[in-house]
Each structure stands twice: as C-alpha cells, then as structure tokens.
Amino acid sequence: MSVPVSHGPAVRPPTDPAKLLGEWAQFESGNVLPGRLLADLKKGGLRELLEVASAPAALLDPWMQWEKGRVSPQDTIAALTAGGLTSFLESLSDPKV
C-alpha cells in the first residue's frame, strides 16, 4: 500500500529586485515575450515585493489587474513602465539605499 507523501508548501527564496530588473532588461532588449516576462516576474515574487515595499498604486494596481486576468500582458507592461517599475526596482537593488 502506498501512502501519499506531503512535502509541505514550497519555500520561495527571497525576492531579488536586481534579478527582476534583469528580467525586465531582457524584455526591453527584445529577447522575451510579454507573457513570459510577466510569468517570470510573478515567479520571481514581484507581487510580494510590491506589497512589502509599499509600492505606489501606479505599480501595484496594474499588476493585480493582470493577475486577475482583467488586462492583457501588453497593457500591464505599458502601465508598469509608465508607473516607473524600472526606477522602483533600481532603488531597491541599490545596496546604498
């Protein structure tokens, strides 16, 4: 008789703003499709970072709308760009801050 084995919830490593910034740079260079970028940012913990770091609504709102399936990846990326995601991630990646 086999018994199901529970390994518990998966533990994510801490969110690395510099890594998320690198994902964004790959997209900007044309090497990543919009949907892949958002999937990578989600997997990398962008939502948690936006919530913990008290990100402005201009960043958190479009992200949450995308997660709920209410906007397209392209519109989400445009909103994140306009909201200053790059500057936000850079400020968190800077070890002096």
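Reading the values: rules and limits
- Residues numbered from 1 in each chain as written.
- Predicted model: local features only at pLDDT ≥ 70, side-chain atom pairs only at ≥ 80, totals over all residues.
- Heavy atoms only, no water.
- pLDDT = per-residue confidence, 0-100.
- Helix = DSSP H or I, 4+ residues; strand = E, 2+ residues; numbered from the N terminus.
- Contact = heavy atoms within 4.5 Å.
- Core = buried A, V, L, I, M, F, W, Y, C linked by side-chain atoms within 4.5 Å.
- Buried < 20%, exposed > 50% of the residue type's maximum accessible area, 1.4 Å probe, protein only.
- Polar contact = N/O pair within 3.5 Å; in protein donor to acceptor, adjacent residues only side chain to side chain.
- 1 Å grid on protein atoms, 1.4 Å probe; cavity = no way out; pocket = protein on both sides within 12 Å on 5 of 7 lines; lining within 4 Å.
- Points joined across faces, edges and corners; volume = space filled by probe spheres on them.
- Salt bridge = Lys/Arg side-chain N within 4 Å of Asp/Glu carboxyl O.
- Axes fitted to C-alpha atoms, helices over the stretch in contact; angles between N-to-C directions.
- Parallel < 35°, antiparallel > 145°, perpendicular 65-115°, else oblique.
- Nonpolar A, V, L, I, M, F, W, Y, C, P; charged D, E, K, R; others polar.

**Let's talk about the confidence of the model for the protein**
Averaged over all residues, the pLDDT of the protein equals 88, while 85% of them reach at least 70. Per-element averaging of pLDDT across the protein places helix H6 (residues 85–93) at the bottom with 93 and helix H5 (residues 73–83) at the top with 97. Note that pLDDT drops below 50 for residues 1–6; the model gives that stretch zero contacts with residues more than four away or on any other chain.

**Looking at the nonpolar core**
Core analysis: the biggest nonpolar cluster contains 21 residues, and Leu41, Leu46, Trp63, Leu85, Phe88 and Leu89 have the highest contact counts within it. Elements represented by at least two residues in this core include exactly helix H1 (17–28), helix H2 (34–43), helix H3 (46–52), helix H4 (57–67), H5 and H6. Discounting residues that sit within four places of it in the chain, tryptophan 63 has contacts with Leu38, Leu41, Lys42, Leu46, Arg47, Leu50 and Leu80.

**Description of the environment of serine 29**
Position of serine 29 relative to the elements: it lies in the loop between H1 and H2. Among the polar contacts listed, one links the side chain of serine 29 to the side chain of asparagine 31, at a separation of 2.9 Å.

**Observations concerning the layout of surface pockets**
The space that makes up the largest pocket amounts to roughly 230 Å³. What lines the largest pocket is a set of 12 residues, among which Pro13, Lys19, Lys43, Gly44 and Gly45 lie closest to the centre. For the lining of the largest pocket, the secondary-structure elements that each account for two or more residues are H1 and H2. Among the elements that take part in the lining of the largest pocket, H1 stands out by supplying three residues, more than any other.

**Remarks on the environment of aspartate 16**
When you line up the elements, aspartate 16 lands in the segment before H1. For aspartate 16, a relative accessible area of 39% corresponds to the partly exposed category. Taking the C-alpha atoms as reference points, aspartate 16 and glycine 45, 29 residues apart in sequence, are found 8.1 Å from one another.

**With respect to the pattern of salt bridges**
Across all of its chains, the model carries three salt bridges by this definition. Between arginine 36 and aspartate 40 there is a salt bridge whose closest N-O contact spans 2.9 Å. Residue arginine 36 and its partner aspartate 40 are located together in helix H2, separated by four residues, close to a single helical turn. Classification of aspartate 40 by relative accessible area gives buried; the value is 18%. One network of salt bridges, in which partners are shared, links Arg47, Glu51 and Glu67.

**Points about the packing of H4 against H5**
For the pair H4 and H5, interaxial distance at closest approach is 8 Å and the crossing angle is 170 degrees. Regarding the angle of H4 to H5, the classification is roughly antiparallel. On H5, the residues that touch Ala58, Leu59, Pro62, Trp63 and Trp66 of H4 are Pro73, Thr76, Ala79, Leu80 and Gly83. Split by residue class, the contact of H4 with H5 holds eight nonpolar, two polar and no charged.

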